[in-house]
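# Survey of secondary and tertiary structure
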Amino acid sequence: MNILFLIDFKNIFKTMNPMKCSPFFLIVFIFSCTKVSFAGQQETTNYTNETTKKDVAFSFALLNDNYIATWQKDVKGNYFGADDFLTVSILGRYYAADWRFAFTYQAITSRKFNFRYDLLSMLTSKLYWVSGLQLQPQIGLIIKGDIGGKNLQNGYHSITSLQTLDYPYSVDKGAAFVFGFAARWEQKAFFFGNDNFLAGFYTQFFTDFVPSRIEPVLAYQLHFGKYVQSEILVKERFYVTKQNQYSEMVRSGLIPAVGLKIKTYKKLYFDVGIAFFPTKNLQNDVRYPPYQRKFLPQFWLAFSWNTKSISLVDYIDY
C-alpha cells in the first residue's frame, strides 16, 4: 500500500507555499534524510532498540486547550485557549509487538460558523524494516456525527461555571476510510548516550470529513536517569485537500510539541505536554477578549504502560 501515488504533487507545492515554510526545518529534515542512506549500510541496525520493539504497551491521553485557565467568572484575560475547534480529545494507543492499534475521539465546535460534530477514528498498522528504515502502512475508519461530545463539553462547562454551548450538530455525518503511510529513521545515542533522534515522513489520506495531509517530522528525546524523559517534536503539516466544516478552521503550518514522561511505578508512566496547532477562524467565550492567536494550544495528560522511548509522534499524533 503506497498512498503517495494518490497525491497530486502539483497541488501540494501550491498548498505548501515554500515562502511561508520554515527554511531551517526543511534543511534539517533533508540533512536527516540524507543520513538514512549511510545508516542503511552499517552492519548493525538501529531498529532493535526500545523505540520500536515492544511486547505490549498502551497509552491513554486526555487533551484540552484550557488546563491552566483560572475560569474566574466575569474576569477577562485568563482564558488561554479558544475552547473552539478541538474542544476535547481522547486518545488511546495499544502496541502488540509490531502491530499498532489506535483510537482517537474528538469533540469539534465552531463558534463562528455555529455547528458542532464529533469524530471517532479507529486505525491499525504494522511495522516493517527495510535497510534501517521503519515503514508503517496504516488503514482505518473515521466516523462523523453525534457521539456525545455536546454532553461531555457542557458537563465540564457546568462544573467550571462557563457558558454552555448549544450549537446544533452538523447534518453532514457518516463514515469514511483512512489510509496512511509512514517512513522514519531513528538513531540512539545521537549526541549523548541516553538520547534518541527521529526523522520521519508521515502522510494520511481521508476519503471524507478530514483534509488529507503530509508531514515531515523531527523529534529528539533525552533521558534523565531512570525516571524522567523529555522530548521536543516539530513537524510541518501540509494539507493537500479540503473538507467542508474542517478546512475552515485549520491551515498548513508548523506544529511544535514538548512532552515530559515520568516513571511512577515499574513500567507505568505519567505524561504531560503541550502542542500548538495552526488554526484560523476561532473564537472564544464572549466574556474574554477576542481570540487573535494563530495557534491553538493542546495540553495533554496521559497514563501509559511500557512506553519508554516511544515518541510523541506515535501516541499524541492526531
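For the structure, see preceding data.
Calculation rules
- The numbering scheme is per chain: residues are counted from 1 as the chain's sequence reads.
- Given that the model is predicted, a residue must reach a pLDDT of at least 70 before its local features are reported, and side-chain atom pairs must reach 80 or more before they are shown or counted; all residues, however, enter totals for whole chains, interfaces and linings.
- With hydrogens and water excluded, all non-hydrogen atoms of the structure serve as input to the side-chain values.
- A strand pair is defined by DSSP finding two or more bridges across the two strands.
- In this text, helices come from DSSP runs of H or I with a minimum length of four residues, and strands from runs of E with a minimum of two, each type numbered from the N-terminal end.
- Patches draw on residues past 30% relative accessible area with no salt bridge. Two like charges within 9 Å are joined, as are two nonpolar side chains (Val, Leu, Ile, Met, Phe, Trp, Tyr) within 5 Å.
- Residue burial considers only the protein chains on display, and all accessible areas are found by Shrake-Rupley using a 1.4 Å probe.
- When a carboxyl oxygen of Asp or Glu lies within 4 Å of a side-chain nitrogen of Lys or Arg, that pair is called a salt bridge.
- Centres within 6.5 Å are what make two rings of Phe, Tyr or Trp a pair, Trp counting through its six-membered ring; a difference in plane orientation under 30 degrees is then read as stacked, over 60 as edge-to-face, and the rest as tilted.
- A 1.4 Å probe rolled over the protein chains alone gives each residue an accessible area, and that area as a share of the maximum for its type sets the label: buried under 20%, exposed over 50%, partly exposed in between.
- Distance and angle both matter: a charge sits over a ring if NZ of Lys or CZ of Arg is within 6 Å of the ring centre and within 35 degrees of the ring normal.
- Definition of a polar contact: a pair of N or O atoms within 3.5 Å, with one able to donate and the other able to accept a hydrogen when the atoms are protein atoms, and with sequence-neighbouring residues admitted only if both atoms are side-chain atoms.

Before going further, it helps to examine the pairing of strand 12 (residues 268-278). Sheet topology note: the strand 11 (residues 253-265)/strand 12 ladder contains 8 bridges and is antiparallel. Paired with Gly-259 across the strands is Gly-273, a residue of strand 12. Between the antiparallel neighbours strand 11 and strand 12 lie 2 residues, among them Lys-266 with a positive phi of about 50°. Strand direction decides the pairing type here: strand 12 and strand 13 (residues 295-305), joined by 11 bridges, are antiparallel. Paired with Val-272 across the two strands is Leu-301, which belongs to strand 13.

On the surface, Val-56, Phe-58, Tyr-94, Trp-99 and Phe-101 cluster together into a nonpolar patch covering about 460 Å² of accessible area. Contributions of two or more residues to the nonpolar patch are made by strand 1 (54-64) and strand 3 (99-110). With respect to the element layout, Val-56 can be found in strand 1.

Evaluated as defined, the whole model comprises 11 aromatic pairs. Centre to centre, the rings of Phe-85 and Tyr-246 are 5.4 Å apart; their planes meet at 80°, and the pair counts as edge-to-face. You can see Phe-85 sitting in strand 2 (residues 85-97) and its partner Tyr-246 sitting in the loop between strand 10 (228-239) and strand 11, a full 161 residues away along the chain. Of the two residues examined, Phe-85 and Tyr-246, each falls in the buried class. Aromatic ring contacts, followed pair by pair, group Trp-185, Phe-190, Phe-191, Phe-197 and Tyr-220 into a single cluster. Against the face of Tyr-169 rests Arg-116, its NZ or CZ located 6.0 Å from the ring centre. The ring of Tyr-128 carries the charged tip of Lys-126 above its face, separated from the ring centre by 4.8 Å.

Relative to the helices and strands, Ser-309 is located in the loop between strand 13 and helix 4 (312-315). The class for Ser-309 is buried, based on a relative accessible area of 2%. Polar contacts involving the side chain of Ser-309 include one to the side chain of His-223, which spans 3.4 Å.

Structurally, Ile-310 can be placed in the loop between strand 13 and helix 4. The buried category is assigned to Ile-310, whose relative accessible area is 2%. With 253 residues separating them along the chain, Ile-310 and Ala-57 place their C-alpha atoms 9.6 Å apart.

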